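# Close look at the chain arrangement
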Amino acid sequence: QITLEVVEGRNLPARDVGGSNDGYFIIKSKSGNELYKSKVITNRNPRWNEKATFPLSEDNKIVSLELWDKDMFTKHDLIGKADLDLLRIQGQLNHAVNLFDDKNLSAGQAIVNVTIKSDGAPAPVAVQSAAAPLSQAPHGPTGSYAPGSAVAQSTYGQQQ
């Protein structure tokens, strides 16, 4: 069982005329199934403190975290997105995830916590070696870590 807590967004770009956002997030599985949708918070630094719990499976070991701006009369705007390899970031307290928009421009950060439980006990923490970039990891290109950093970076929008 996976619990993904999205604590907050930081320095999200304004998408509304008034310079703010009506932000919410969606968690999607690798196949695109929606696993969770948050409440809307009007703020460029929203604090959700919301937890999504779902079963551990091949389809949701890597999930997409999408932050959206809700609009009343037009299509909702994508604020930013990142792919999260939950096995790699589990157990890291207040893990900062860099978000990128659909033009691959920086779109602030999301702060997340991941817990994975198996048979009632937390799973061991996975560690990413700085010597092996994630693009060569068994799960494929789901992000990258700067050496000595705990910040995941999305490959959304980049050519593979």
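Residues numbered from 1 in each chain as written. Predicted model: local features only at pLDDT ≥ 70, side-chain atom pairs only at ≥ 80, totals over all residues. Heavy atoms only, no water.

Right, let's get into the side chain of His 95. If you trace the backbone, His 95 turns up in strand S8 (residues 95-100). Judged by its relative accessible area of 2%, His 95 falls in the buried class. Side chain to side chain, His 95 and Gln 92 meet in a polar contact 2.6 Å long. (Helix = DSSP H or I, 4+ residues; strand = E, 2+ residues; numbered from the N terminus. Buried < 20%, exposed > 50% of the residue type's maximum accessible area, 1.4 Å probe, protein only. Polar contact = N/O pair within 3.5 Å; in protein donor to acceptor, adjacent residues only side chain to side chain.)

Another aspect to go through is the packing of aromatic side chains. For any pair of aromatic rings, the description rests on two quantities: the centre-to-centre distance and the angle between the ring planes. Following the criterion strictly, the structure yields 2 aromatic pairs and no others. Taking 5.8 Å as the distance between ring centres and 25° as the angle between the ring planes, the aromatic pair formed by Phe 25 and Tyr 36 counts as stacked. Here Tyr 36 lies in strand S3 (residues 34-37) and Phe 25 lies in strand S2 (residues 22-28), a separation of 11 residues in the sequence. By way of ring pairs, the aromatic residues Phe 25, Tyr 36 and Trp 48 are connected into one cluster. (Phe/Tyr/Trp six-rings, centres within 6.5 Å; stacked < 30°, edge-to-face > 60°.)

Glancing now at the environment of Leu 78. As for its placement among the helices and strands, Leu 78 is situated in strand S7 (residues 77-85). Accessibility expressed as a relative area gives 15% for Leu 78, which makes it buried. Considering only alpha carbons, one finds Leu 78 and Gly 23, 55 residues apart in sequence, at a separation of 9.5 Å.

Ranked by internal contacts, the top residues of the largest apolar core, which has 25 residues, are Leu 4, Ile 27, Phe 54, Leu 65, Leu 67, Leu 84 and Leu 86. Put simply, the parts of the chain that give this core at least two residues each are strand S1 (2-10), S2, strand S5 (47-54), strand S6 (62-69), S7, helix H1 (86-89), S8 and strand S9 (106-118). Broken down by element, this core gets its largest block of residues, 5 residues, from S9. Not counting chain neighbours up to four residues away, the residues in contact with Leu 86 comprise Ile 2, Leu 4, Phe 54, Asn 60, Lys 61, Val 63, Val 114 and Ile 116. (Core = buried A, V, L, I, M, F, W, Y, C linked by side-chain atoms within 4.5 Å. Contact = heavy atoms within 4.5 Å.)

So, on to the pairing of S9. For S1 and S9, the ladder comprises 8 bridges, and the chain directions are antiparallel. Across the sheet, Ile 2 pairs through a bridge with Ile 116, a residue of S9. Bridge count between S8 and S9: 5 bridges; the pairing is antiparallel. Note that in S9 the partner of Ala 96 across the bridge is Ile 111. (Pairing = 2+ DSSP bridges.)

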